[in-house]
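# Architecture and fold: a report
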Amino acid sequence: SSHFCSRCPVRPGPDLPAHPQSNRMNAPRSLLLTGTVLLAGAALLSLMGSAFVAAPHQVPAPATAAAQAQGFRTAAALSSAALVTPTAAHADEGSVWIPALSAVGAGFAIGLAAIGSGVGQGIASGRCIDGISRQPEVADDLRGVLLLSLAFMESLTIYGLVIALVLLFAN
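Residues numbered from 1 in each chain as written. Predicted model: local features only at pLDDT ≥ 70, side-chain atom pairs only at ≥ 80, totals over all residues. Heavy atoms only, no water.

All right, on to the overall build of the protein chain then. Summing up its helical and strand segments, the protein chain has four helices and zero strands in all. When the helices and strands of the protein chain are read in sequence order from the N terminus, they spell out α-α-α-α. Out of the 171 residues in the protein chain, the part that is buried amounts to 9%. Within the protein chain, contacts between residues at least 6 apart in sequence are counted, and of these 57% link residues at least 24 apart. When the accessible surface of the protein chain is summed, it comes to about 13,700 Å², and 71% of that surface belongs to carbon and sulfur atoms. (Helix = DSSP H or I, 4+ residues; strand = E, 2+ residues; numbered from the N terminus. Buried < 20%, exposed > 50% of the residue type's maximum accessible area, 1.4 Å probe, protein only. Contact = heavy atoms within 4.5 Å. Areas by Shrake-Rupley, 256 points an atom, 1.4 Å probe, with all protein chains shown as cover.)

Listed below in structure tokens is the structure:
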């Protein structure tokens, strides 16, 4: 004997399940899943703490002028190496790494954008059809909201396409 919610206009029947609040296992299951996720997150954070290196202790400055000049030369050499490094990546004209990695990045960009948008549009359309089948009198309102949300989802896919094209043709 399933009971129903007095606020819901639709009564449960053989085709429709009872109101979700009537399921007594929802709260314990939700608490159990929330606790599991929090425990897994805490374990992950504790493992990540060992991945970082502690900051070095402050070393007193050298007292002699020769040592200070040596430190300055080292810093100048590292700075010049850091400035030259980006141009060294483009020095080899026959390099295939940049176009290859651009193609991989473009594939990921358009693939993830299309998959995410497709899943979102499928879920939104299914929920809209659900709502229209439960309450046909609000079909026009739901259809307008659905089309607007589908347009926004599709615009995100177009952004992924633009990023993919930039990755392919800018490099």
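In this fold, S117 is placed in helix 3 (residues 97-134). Apart from residues lying up to four places away in sequence, S117 is in contact with M153, E154 and T157.

Okay, the side chain of T157 next. Among the structural elements, T157 can be located in helix 4 (residues 139-170). Classification of T157 by relative accessible area gives buried; the value is 11%. A polar contact of 2.8 Å, which involves the side chain of T157, links it to the side chain of S117. When sequence neighbours within four positions are dropped, the list of residues in contact with T157 reads I110, A113, A114 and S117. (Polar contact = N/O pair within 3.5 Å; in protein donor to acceptor, adjacent residues only side chain to side chain.)

The next point concerns the confidence of the model for the protein chain. This prediction gives the protein chain a mean pLDDT of 76; 58% of its residues lie at or above 70. Averaged over each element, pLDDT in the protein chain is lowest for helix 2 (residues 65-89) (62) and highest for helix 4 (92). (pLDDT = per-residue confidence, 0-100.)

Across its 38 residues, helix 3 extends 55 Å between first and last C-alpha, which sits within 8% of the 56 Å expected from 1.5 Å per residue. The complete set of buried residues in helix 3 reads S102, A106, A113, S117, Q121, A124 and C128. Structurally, helix 3 contributes buried residues whose contacts are with helix 4. (Expected span 1.5 Å × (residues − 1).)

Mapped onto the elements of the fold, L168 is located in helix 4. Each C-alpha atom of the pair L168 and A103 lies 5.9 Å from the other, and the pair is 65 residues apart in sequence. Apart from the residues within four sequence positions on either side, L168 is in contact with S102, A103 and A106.

Another point: the environment of L165. Within the secondary structure, L165 is located in helix 4. Classification of L165 as partly exposed rests on a relative accessible area of 40%. In the structure, L165 is positioned 56 residues away from A109 in sequence and 9.5 Å away in space, judged by C-alpha atoms.

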